[in-house]
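Report on the structure
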Amino acid sequence: MSRYRIAGKGRVDHGAPVRFTFDGRAYAGLRGDTVASALLANGVHLMGRSFKYHRPRGPVAAGSEEPNALIGTRRGPGRFEPNTRATMQEIRDGLEASSQNKFPSLKWDLGAVNDAAYMLFSAGFYYKTFMWPKSFWHRVYEPIIRAAAGLGVAPTEEDPDHYASRNLHCDVLVVGAGPAGLAAARAAAAEGLRVVLVDENAEVGGTLLSEPQAQIDGRPAWDWLAAELEALKALGVRIMTRTTAIGYYHQNLIGLCQRLTDHLDVLPADTPRERLWRVRARRVVLAQGALEKPLVFHGNDRPGVMLAGAAQTYLNRYGVRVGDAPVILTSHDSAWYAAFDLQDAGARVQAIVDLRDAVREELLNEARARGIPVRLSHTVTATSGRLRVSAVRVNPVTNGKVGAGQAIKCDALLMSGGWTPSLHLFSHTQGKLAWDEDRTTFLPALTPEDCVIAGAGRGLWGIAAALRDGAEMGREVAQALGKAGAALAHDVQNDRTGSGVSMKELPTDRNPGKAKAFVDYQNDVTAKDLRLAVREGMRSIEHVKRYTTNGMATDQGKMSNINGLMIAADALGKPAPQVGLTTFRPPYTPTSFGAFAGYHRGTHFELTRKTQIDAWAEEQGAVFEPVGQWRRAWYFPRQGEDMEAAVRRECRQTRASVGIFDASTLGKIEVVGPDAVTFMERMYTNPWAKLGVGRCRYGLLLGDDGFIRDDGVIGRMAEDRFHVTTTTGGAARVLNMMEDYLQTEWPDLNVWLTSTTEQWSTIALNGPNAARLLAPFVEGVELTEAAFPHMSCAECTVAGMPARLFRVSFTGEIGFEVNVPAPLGRKLWETLWQAGQQYGIVAYGTETMHVLRAEKGYIIVGQDTDGTVTPFDAGMGWAVGKAKPDFVGKRGLARPDLVAGTRKQLVGLLTEDGSKLEEGAQIVFDPKQAIPMKLVGHVTSSYHSDAAGRPIALALVEGGHERMGETVHVPMPDRTIAAKITGTVFVDPDNTRLKI
Amino acid sequence: MTRFNAFSLLKNALGGHRNWTEQWPDSQPRAEYDVVIVGAGGHGLGAAYYLASQHGITNVAVIDKGWLGGGNTGRNTTIIRSNYLYDESARLYDHAVDLWENLSQELNYNVMYSRRGVLMLAHNVHDVQSFKRHIHANRLNGVDNRWLTVQEAKEYCPPLNISPNARYPVMGAALQERAGTARHDAVAWGYARGAAARGVDIIQNCPVTAIRRNADGSVAGVETAKGFIRAKKVAVSAAGHTSVVMQTAGVRLPLESYPLQALVSEPVKPCFPCVVMSNAVHAYISQSDKGELVIGSGTDQYTSYSQRGGLPLIEHTIAAITEVFPIFNRMRMLRKWGGIVDVTPDRSAILGKTPVPNLYVNCGWGTGGFKATPGAAHVFAWTIAKDEPHPINAPFTLERFRSGRLIDEAAAAAVAH
Amino acid sequence: MLLIHCPYCDETLPEAEFTYAGEAHIARPADPSALSDEEWESYLFIRSNPRGPHHERWRHLHGCGRFFNAVRDTVSDRFLTTYPAGQPRAALPIKEAAE
């Protein structure tokens, strides 16, 4: 039994020791302990170093608001996380805990020299210095500042754990399972509502866990709690512990993070480490209780200085005495009970120092009965002890004057500055707060969300009040949801209600300008820092916060915001409500990235769309490239081939005989209806009315700003039916745009639009042998020049499969695109592949497709155009139906800048030295000019072309269409390349190869 | 104004810091100013500073509905870079970077401009083409930006996941070494202090309710919560609220305001040396001097003034970060917040004169306004002082939306094909 | 994640099913060619971007697929009403209208 553990006391299992290490040293705690309670039981208060001054620190709290006792926690490879709150991390067998922000050791930390120079490191000191010499900021000052800052070290290995997420709908979500939350859940559940009750702690009960002395309905608090839990379960309440409500989002969407494995000795194989819940609740009850405020005085951060309520929790919940000889310092009644409990548990309380000049007689009697010395109207002006408090200096205060101090030896100083409601989640709702002068604190007022606050969260102290209010709020939400609603009444004995006063810095006889009186422990913000910020003109509390970093530590101001406000308001000479609080931001407590990412990791980060032929390509050893969400076969290397060799072979063989290409990713939209042709006339630049059934046409889609959005071949399958193809990446956008115009602008048109991208597998055959290969499989269409010329389409049968056959070419060779029902795609592909062997068929990927089309000057929207290119810029004025009264983009095309002569226009480029240009390379007319140069365009596409016998390129060049034959220059880092402007067609300009 | 340096810091430290004076006074409005600037963010305060320091115009008020620097200046992820594609953008942002480099010295306020490099990751062939286009354009515009192979990118940013089996594998990166970050609040404070020292009034918590015009149509002044303030010139620099303010002068703008969220992790020791942006997965990350990982998100889909933003976007943003940096999976999010960004159709700013004589506007920065702060403020001051645009901001007119001469960086980034 | 009432499906559903489609009641002119550059600019780009009730369009993409109109308060993000496309501009609630 560790020296500070009290046999049989608390909710820990005294028969179940748990072994863990802290900074390499082995310790034993009990099942149910947190790291903090277990270390305290072993007499260890020193658990960390502060951010700026590296001051030794121990736990000041017992819950999630802890700012000091942050540790690194590890469970084998990959499972390390910094900045874990020792007060929340349950111990488990084998847990490796380590202290942070120290070198070489927690007890002897070199960084503590900062503490000696603390007067220099005042609020905002870094804004005032480190500016000379200029180059030193980057090379000297910033690296030093960065190395000094930060708390723990980041993980360095990939996380082997997995994370989950789930949605949940309920009638009532109750956040916080203390007395108020329990009562609210009970009242709502009793009406048959679906209730979810969550609590961030390992077990429910809240305050009740720290106050076993209370009697509820004639039973000891813990017995009552156990029975109440059973009752709630019987009513079907879903109770979730280790579950933090992290954020309150629009319309009662609450994010929860549930921690599932960090407390377990042995990791279960299939359990996620954490689970994010998105709860949509019809009503929310916030019953998060209140947080105890520290007192602000010189030396209030020494290990052993702790909140009185925390000491009570360590004692009653964990059976740990935080000291043998504590001193109590308080401005609130509640700390007196901590003194009584500790004295009753065997400690010798050295003194109760109360800042008030009068307290309830009953408290004085209780103290007297226990022989505890009491000092009213006293303050503490200092503490001493290097790594643990060993004495406090106590001074009388008379009429505001501080008298001579006297040292009292102690091993713990337990303080209470009163309580402040936990308003974080309420604040997320953009709820308004109202100042309560009696309690000198902000209370929740108005919120736009359907939520109520119960218990200490709205300033009602004590178990009886919390139970009463919880039940009342439970009834209120039940009624709001149409139920009758009833509030259970409870009889509570031994309740410890109390009152107190709110303090700024405690009165002192010392120079307040030199006091180390901490307000934000973790960020080392002192009262003098706050006053300095105000002195320097920071009048808004947001400025004070940002200038001093008060409230920006990992406790998110839970410990510091109200004290900071009181001091800043005093410095400003304004009442606190006029100064106001800073906004609390989600999450309530720091939440792991893994929980937010959830399932979306690795291959599940985003779905990967694959065609029916993808597996075949993979078997063939294809290299893939991501295109939007699709993965497409990029090229098919044979043994020993690199990309260039593979692409050259694929190109050669396609032009020599036949190549097969998976075009299934092309977007496909079925446009059907009596007004289909009218719709097409209005959407696309081209005329469609005269396009015969069984014919297809290249279509160009603009935005109403006149710039090219998409393109594709469109077949007229019937008078009232078009088979529209789009780019791979543009499919969803194009359909949305079509729907938008159809539904919103032309609702009178009788047209239906259906995405058929995933309904068809599309296989392209190109090459002089394409018709020869395909013809034997086709029934219903004769593949001759006369019967099925270029730009024809038909419904037919291919290899026994129903098909839509297009005679189109994106290569300049005889080309077909066969669409068959998607699941048949691979069968058709393999059939053609087999039959193609006699022709030496080659499978090609997207890279070869790009080369072949560039050789013919066919553009790729998004590569040769970039959202600022008109059809005329792209040399495709022929695709614009000038006679049409209107189409999307027609008016946009007439805007002054779009008809100007100096636009960048798509041309071909041939380098004079025969080198291949780099895609993206910039073009100038005058290579000799100085930087910054006048840039007149850029290379959009560039490939080595076997067919052209040289590298070819497409480029956008200012006024390019009028500059045929002129030389432009491409300045590269090492040299400038001269290139001649040409047309965009490099192979077979007369289209002879398209003919069968 | 006490000069800030190591000696004054030491001297004051010895005196218990009791002798520091306010960095700017809490001014009350006077009846009339030569120039009233609406919006006390970095852009507005900077414009006031340059009006006073470069143009000798000191009878200036900067008015804000809240506290200075409380809008997007204090809510962004502090990324500074200038590797934009178009000459117009590159010149404007590079002008800003030039000023950033000396801003601490110029203002005698350490804004912590940290030249740590911005790495933009290419995750597909289209990214590669697009980044190379940027790199070549930047080089010839005198803007630094260079291509890194996957290996080089990994060396520059060791936490980067370069596994070829990643969902979106890294195929290379564009690096601008001169780019980096700065301390956002300090920018507003430094300009405020510099402007105030030169006689500029900074009036906080004073909402401007309307811009009033004279009978001849020109600007007369502004109606505020503290009464009417006469002004010879009015300049609006109110970010997400610009539409609302300008509408009172009868000027309707091509602007929409969207919520933009950002977040930080708990602070850790230095583990991330540079800034990384990935457009393909929508992730932006750096580590602050305090040790927090600073992470930017995209905008929500709907317009809003709520500064709130939804949970799904945060989930996606963090998934994107852990996709590129899987070792951060066990880091924790400390705090997330929202801002309101004003977005134009071409995602470039509007910076110049308006159809109303003596009324000027600086808006439409979308998600990229912080990096431009000194440059934009500088040329905005020029425009206000001379009633004509500086050559650098001349292309950023309101008229371009009529003529179609857009500066479309977003379109230039284009789409996957 | 907002909750949105689809006026066609008559169900209130999470935002993930919907896509935002910009300001409502900006009709595409019947004869764009008759418009001046200024009028065309106004149609294409000028938006009211109000702080408060905003008439806007949404599409129930992962549902009925239809576009509809809504009035949403851009300060609170609350929907005041939704109604089918083609219906006249919804009147604002008296309070907001008076502001």
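On a predicted model such as this, the values are computed, not experimentally measured, just so you know.

Further remarks concern the interface of chain C and chain A. With 24 residues of chain C at the contact, the number on the chain A side is 28 residues. The contact between chain C and chain A buries some 2200 Å² in all, and 43% of this surface belongs to carbon and sulfur atoms. At the boundary of chain C with chain A, the tally comes to five salt bridges. With a closest N to O distance of 2.7 Å, Arg28 of chain C and Asp704 of chain A form a salt bridge. Connecting chain C to chain A are 16 residue pairs in polar contact (both at pLDDT 80 or more). Among the secondary structure elements, those contributing two or more residues to the side of chain C that touches chain A are helix 1 (37–45) and strand 4 (53–59) of chain C. Looking at the side of chain C that touches chain A element by element, the count peaks at five residues for helix 1 of chain C. Here the side of chain C that touches chain A is built from residues that sort into 13 nonpolar, four polar and seven charged.

We now examine unusual backbone geometry. Residue and element names in this part refer to chain A. Of the consecutive residues Phe103 and Pro104, the connecting peptide bond is found in the cis state with omega at 0°. By secondary structure assignment, the location of Pro104 is in the loop between strand 7 (95–98) and helix 2 (113–116). Along the chain, Trp132 connects to Pro133 via a cis peptide bond; the corresponding omega equals -15°. Relative to the helices and strands, Pro133 is located in the loop between helix 3 (125–128) and helix 4 (135–148). Non-glycine residue Asn83 carries a positive phi angle of around 65°. Relative to the assigned elements, Asn83 resides in strand 6 (residues 80–85).

In this numbering, the UniProt entry assigns the feature "domain: Rhodanese" (unreviewed entry) to residues 35–79 of chain B. Strand forms 20% of residues 35–79 of chain B and helix 31%; the C-alpha atoms that close the span are 30 Å apart.

Tyr314 of chain A together with Trp100 of chain B are the most contacted members of the largest nonpolar core, which has 183 residues in total. Not counting chain neighbours up to four residues away, the residues in contact with Tyr314 of chain A comprise Ala36, Ser37, Leu40, Pro59, Ala61, Ala62, Thr87, Met306, Gly319, Val320 and Val322 of chain A.

Taken residue by residue, the interface counts 126 residues in chain A and 116 residues in chain B. Across the chain A to chain B interface the summed buried area is about 10600 Å²; carbon plus sulfur atoms make up 56%. For the pair chain A and chain B, the interface holds 11 salt bridges. The residue Glu81 of chain A makes a salt bridge to Arg330 of chain B at a minimum N-O spacing of 2.7 Å. There are 67 residue pairs in polar contact (both at pLDDT 80 or more) connecting chain A and chain B. Residue contributions to the side of chain A that touches chain B peak at seven residues, all from helix 4 of chain A. For the side of chain A that touches chain B, a count of residues per class yields 53 nonpolar, 43 polar and 30 charged.

Taken domain by domain, chain A consists of domain 1 (1–156), domain 2 (163–290 + 421–493), domain 3 (511–581), domain 4 (667–756) and domain 5 (900–982). For domain 1 of chain A and domain 4 of chain A, the distance between their C-alpha centres works out to 64 Å.

Let us now look at the UniProt feature "domain: GCVT N-terminal" (unreviewed entry) in chain A. Those residues carrying the UniProt feature "domain: GCVT N-terminal" (unreviewed entry) are residues 615–884 of chain A in this numbering. Segment residues 615–884 of chain A splits into 26% helix and 30% strand. End C-alpha atoms: 46 Å apart.

Moving on, we come to the sheet that holds strand 37 (residues 667–672) of chain A. Residues and elements named next belong to chain A. With antiparallel pairing, the five strands of this open sheet are ordered in space as 38-39-40-37-41. Bordering the open sheet on either side are strand 38 (696–702) and strand 41 (752–755), each of which pairs with just one other strand. Mean inter-strand twist for the sheet, computed between neighbouring axes without regard to direction, equals 25°. Taken together, the six bridges between strand 37 and strand 40 (residues 721–726) define a ladder with antiparallel strand orientation.

Right, let's get into the pattern of salt bridges. Close approach of charged atoms lets side chains of opposite charge pair. According to the stated counting rule, one finds 98 salt bridges over all chains in the structure shown. With its nearest N and O atoms 2.8 Å apart, the salt bridge here joins Arg57 of chain A to Asp524 of chain A. Pair noted here: Arg57 of chain A is in strand 4 (residues 56–57) and Asp524 of chain A is in the loop between strand 31 (518–520) and strand 32 (525–526), with a separation of 467 residues, a long-range link. Taken as a pair, Arg57 of chain A and Asp524 of chain A share a single burial class, namely buried. Overlapping salt bridges bring together Arg79, Glu81, Asp159, Asp161, Asp262, Arg273 and Glu274 of chain A together with Arg330 of chain B as one network.

With that settled, consider helix 22 (residues 825–836) of chain A. Helix length check: helix 22 of chain A (12 residues) gives 16 Å between terminal C-alpha atoms against 16 Å at 1.5 Å per residue, within 8%. All of the buried residues in helix 22 of chain A are Gly825, Leu828, Trp829, Leu832, Trp833, Ala835 and Gly836 of chain A.

What counts and what doesn't
- Residues numbered from 1 in each chain as written.
- Chains lettered and ligands numbered in written order.
- Predicted model: local features only at pLDDT ≥ 70, side-chain atom pairs only at ≥ 80, totals over all residues.
- Heavy atoms only, no water.
- Contact = heavy atoms within 4.5 Å.
- Buried area = accessible area lost by both parts, 1.4 Å probe.
- Salt bridge = Lys/Arg side-chain N within 4 Å of Asp/Glu carboxyl O.
- Polar contact = N/O pair within 3.5 Å; in protein donor to acceptor, adjacent residues only side chain to side chain.
- Helix = DSSP H or I, 4+ residues; strand = E, 2+ residues; numbered from the N terminus.
- Nonpolar A, V, L, I, M, F, W, Y, C, P; charged D, E, K, R; others polar.
- UniProt positions renumbered as here; feature names shortened; annotations may be inferred.
- Core = buried A, V, L, I, M, F, W, Y, C linked by side-chain atoms within 4.5 Å.
- Buried < 20%, exposed > 50% of the residue type's maximum accessible area, 1.4 Å probe, protein only.
- Domains from an automatic or database assignment.
- Pairing = 2+ DSSP bridges.
- Axes fitted to C-alpha atoms, helices over the stretch in contact; angles between N-to-C directions.
- Expected span 1.5 Å × (residues − 1).

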